[in-house]
Structure formats: C-alpha cells, structure tokens
Amino acid sequence: KKKFRSVPREVLEKEKKKFRSALREVLEREKKKFRSALREVLEREKKKFRSALRQVLEKEKKRFRSALREVLEREKKKFRSALREVLEREKKKVPTATLR
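These lines cover the structure that appears in this document, whether it is placed above or below. Quantities reported herein were computed from a predicted structural model and do not represent experimental measurements. (Residues numbered from 1 in each chain as written. Predicted model: local features only at pLDDT ≥ 70, side-chain atom pairs only at ≥ 80, totals over all residues. Heavy atoms only, no water.)

Digging into the overall build of the chain
Within the chain, the regular secondary structure consists of two helices and zero strands. Relative to a compact globule of 100 residues, whose C-alpha radius of gyration would be 13 Å, the chain shows 42 Å and is clearly more extended. Counting the 100 residues in the chain, one finds 0% classified as buried. As presented, the chain carries roughly 11000 Å² of accessible surface, and 58% of it is formed by carbon and sulfur atoms. Here the chain carries 40 positive and 17 negative side-chain charges, and the mean point of each set is 3 Å from the other. (Helix = DSSP H or I, 4+ residues; strand = E, 2+ residues; numbered from the N terminus. Rg over C-alpha atoms; globule rule 2.2 N^0.38 Å. Buried < 20%, exposed > 50% of the residue type's maximum accessible area, 1.4 Å probe, protein only. Areas by Shrake-Rupley, 256 points an atom, 1.4 Å probe, with all protein chains shown as cover. Lys, Arg positive; Asp, Glu negative; His and termini not counted. Charge placed at Lys NZ, Arg CZ, Asp CG, Glu CD.)

Focus: a positive patch on the surface
Where like charges cluster on the molecular surface, the positive patch consists of Arg9, Lys16, Arg20 and Arg24. Given the relative accessible area of 41%, lysine 16 is considered partly exposed. (Patch = residues over 30% accessible without salt bridge, like charges linked within 9 Å, V, L, I, M, F, W, Y side chains within 5 Å. Salt bridge = Lys/Arg side-chain N within 4 Å of Asp/Glu carboxyl O.)

Describing a nonpolar patch on the surface
A cluster of nonpolar side chains, namely Val7, Val11 and Leu12, defines an oily patch on the protein surface of about 240 Å² accessible area. With respect to the secondary-structure elements, leucine 12 resides in helix H1 (residues 9-93).

Points about the pattern of salt bridges
Taken as a whole and judged by the stated rule, the model has 10 salt bridges. Note that lysine 61 is salt-bridged to glutamate 58, the shortest N-O span being 3.5 Å. Pair noted here: lysine 61 and glutamate 58 are both in helix H1, with a separation of three residues, about one helical turn. We classify glutamate 58 as partly exposed; its relative accessible area is 36%.

So this is what it looks like as structure tokens:
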C-alpha cells in the first residue's frame, strides 16, 4: 500500500476555507434562482386563481340576481292581487252617491 504524503495542516485549512466559500457562493446563487422561479410560479398561480374566482363570482351573481328578480316578480303579483281585492271590497262598501 502507498502511504499519502502528509499535507501540512495550514494547507488543508486553506483548501477547506476555499471549498466552503465556493460552496456558499453556489448555494446563494441557486437559492436566488429558486426563489425567483418560485415567485414567478406563485404569481402565475395567483393570476389563475383570481381569474377562476372572478368567473365563479360572476356566475353566482347572475344566478342570485335572476332568483331575486323571480322572487320580486312573484311578490309584486301577490301584492297587486291583494291590493286589487282590497280596492274591490272598499268600492262595494262606499255608496255610489258619495263617489260623485
């Protein structure tokens, strides 16, 4: 077996520092790239979600307005019918002489 020549501790420390420094730089660069990509994806997804939400809200608003219109029409008919009946009853009660 061959034995490695012993490398002075100072040289090892220096190389270790260089390696760690280079590694730190690479990690920072990759972290920035990742964050940037993530931000883009989140923006895109946010836009999609807002668009879908807007569509759902529009559809629900239309359904609600339509249902409200139907209810109002029904209530209007009931009210007019009741009012007509009341007016008819009141007309019968009042003598015709006082109407002139």
